[in-house]
Amino acid sequence: MPIPPPPLTTICSHCGWQHTSFPTSDALKLNVDLFCRCPACQHTELEVRPASRVEIMRERLRQFLR
Ligand SMILES: [Zn+2]
């Protein structure tokens, strides 16, 4: 059984853009689970870290409401 990767939060330190993703497999999809540049300002140095509980809940709620 492959272990799914933990939820990730990608943060742009330039404009404050933030995205939390729930990768469904260990094959991360570019621009869905993983970003190589900020979609808002095209900044390329993005910070990726494990998502916090608050971010996970917020993103789950956002997906639920969509
Ligand atoms: Zn940005």
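The structure displayed is predicted, hence computed values, not measured ones.

Conventions and cut-offs
Residues numbered from 1 in each chain as written. Predicted model: local features only at pLDDT ≥ 70, side-chain atom pairs only at ≥ 80, totals over all residues. Heavy atoms only, no water. Donors = N, O, S within 2.8 Å, 3.2 Å for Na, K, Ca; no water. Tetrahedral: all angles 85-135°; square planar, octahedral: opposite > 155°, others 65-115°. Buried < 20%, exposed > 50% of the residue type's maximum accessible area, 1.4 Å probe, protein only. Salt bridge = Lys/Arg side-chain N within 4 Å of Asp/Glu carboxyl O. Helix = DSSP H or I, 4+ residues; strand = E, 2+ residues; numbered from the N terminus.

Caption draft 1: Structural view of the coordination of the zinc ion. With distances of 2.3 Å, the protein atoms coordinating the zinc ion are C12 (SG), C15 (SG), C38 (SG) and C41 (SG). Seen from the zinc ion, its four donor atoms lie at angles of 106 to 114°, and the figure they make is tetrahedral. What makes C15 partly exposed here is its relative accessible area of 39%. Overall, C38 belongs to the buried group, its relative accessible area being 0%.

Caption draft 2: Just the pattern of salt bridges, in detail. All told, the structure shown has two salt bridges when counted by the stated rule. Put simply, R49 and E55 hold a salt bridge, and the shortest N to O gap is 2.8 Å. R62 serves as the salt-bridge partner of E59, at 2.8 Å between the closest nitrogen and oxygen. With a gap of three residues between them, E59 and R62 both fall in helix α1 (residues 53-65), about one helical turn apart. You can call E59 buried: its relative accessible area is 7%. Its relative accessible area of 40% is what places R62 among the partly exposed residues.

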